[in-house]
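Below, each chain spelled out in residue letters.
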Amino acid sequence: QVQLVESGGALVQPGESLRLSCAASGRIFSDDDMGWYRQTPGKEREWVAFVTGRDSTHYSDSVKGRFTVSRDNRKNMLYLQLNSLKPEDTAVYYCNRENAYGIYWGRGTQVTVSS
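Report follows, based on the coordinates. Being a predicted model, the structure only gives us computed values, none of them experimental. (Residues numbered from 1 in each chain as written. Predicted model: local features only at pLDDT ≥ 70, side-chain atom pairs only at ≥ 80, totals over all residues. Heavy atoms only, no water.)

### Comments concerning the overall build of the protein chain
Using the following cut-off: Put simply, DSSP H or I for four residues or longer makes a helix, DSSP E for two residues or longer makes a strand, and each gets a number counted from the N terminus. C-alpha atoms define the radius of gyration, and 2.2 Å times the number of residues to the power 0.38 defines the globule rule. Only protein chains enter the accessibility calculation, which uses a 1.4 Å probe; a residue whose area is less than 20% of its type maximum is buried, one above 50% is exposed, and one in between is partly exposed.
Scanning the protein chain from terminus to terminus reveals 0 helices and 11 strands. When the elements of the protein chain are put in sequence order from the N terminus, they spell out β-β-β-β-β-β-β-β-β-β-β. Its C-alpha radius of gyration of 13 Å places the protein chain within 12% of the 13 Å reference for a compact globule of 115 residues. Considered along the principal axes of its C-alpha atoms, the protein chain spans approximately 40 × 25 × 25 Å. The buried share of the protein chain, taken over its 115 residues, is 41%.

Rendered as structure tokens:
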């Protein structure tokens, strides 16, 4: 079993920044693909960013240039740096990890951007 625990979500004003973390444990591997998704009430879960096992990063158009995804395999951690936050970034952010054995999710962390 893989366990993923997100943290770092908060209530912030537009233009501010946050850093989200995802701690992984269990049946994990250094070359797993890892990513972030987000979801707001009444909407489908949206892909945000991911980093491959070869450290290649990819972003959705809505966050490109503002968010940065990274990983630290020694610490089994995944990060998402959120800069220049906008109200439309408000969502529950979920950590995702994928390998040959399955696809795994955390329970999410709430990010709210409001003035």
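What follows continues from the structure just given.
### So, the state of the cysteines
Two cysteines joined by a covalent bond between their sulfur atoms form a disulfide. Rules: Sulfur atoms of two cysteines make up a disulfide when they are within 2.5 Å.
Throughout the structure, instances matching the rule amount to 1 disulfide. Across the disulfide, Cys22 is cross-linked to Cys95 (sulfur-sulfur distance 2.1 Å). Disulfide Cys22-Cys95: torsion about the S-S bond near -80°, hence left-handed. Highlighted residues: Cys22 in strand 3 (residues 18-26) and Cys95 in strand 9 (residues 91-99), separated in sequence by 73 residues. Cys95 carries the same exposure label as Cys22, and that label is buried.

### With respect to the packing of aromatic side chains
Basically, it comes down to this: Centre distance within 6.5 Å is the pairing criterion for rings of Phe, Tyr and Trp, where only the six-membered ring of Trp is used; planes under 30 degrees apart are then read as stacked, over 60 as edge-to-face, and the remainder as tilted. To sit over a ring, a charge needs its Lys NZ or Arg CZ within 6 Å of the ring centre and within 35 degrees of the ring normal.
In total, this model carries 3 aromatic pairs according to the counting rule given. On the basis of an interplanar angle of 70° and a centroid distance of 4.8 Å, the ring pair of Tyr37 and Trp105 is categorised as edge-to-face. Of this pair, Tyr37 sits in strand 4 (residues 33-39) while Trp105 is found in strand 10 (residues 102-105), placing the two residues 68 residues apart along the sequence. For Trp105, a relative accessible area of 36% translates into the label partly exposed. Summarising the aromatic geometry, the rings of Trp47 and Phe50 are spaced 5.6 Å apart at their centres and angled 50° between planes, so their arrangement reads as tilted. Classification of Trp47 by relative accessible area gives partly exposed; the value is 29%. By relative accessible area, which is 27% here, Phe50 ends up partly exposed. Of note, Arg27 hangs over the ring of Tyr101, and the distance from its end group to the ring centre comes to 4.2 Å. Stacked on the ring of Tyr94, the Lys or Arg Arg45 has its end atom at 3.8 Å from the ring centre.

### A few points about the nonpolar core
Stated formally: Nonpolar core, defined: a set of buried Ala, Val, Leu, Ile, Met, Phe, Trp, Tyr and Cys residues in which side-chain atoms within 4.5 Å join the residues together. Residues are treated as being in contact if the distance between any of their heavy atoms lies within 4.5 Å.
With 27 residues, the main nonpolar core has Trp36, Val48, Phe67, Val69, Leu78, Leu80 and Tyr93 as its most contacted residues. Elements that contribute at least two residues to this core include exactly strand 1 (2-7), strand 3, strand 4, strand 5 (46-51), strand 7 (67-72), strand 8 (77-82), strand 9 and strand 11 (109-113). In terms of residue count, the dominant contributor to this core is strand 3 (4 residues). Once residues within four sequence positions are removed from consideration, Leu78 is found in contact with Leu20, Ser21, Cys22, Met34, Gly35, Trp36, Val51, Val69, Ser70, Arg71 and Cys95.

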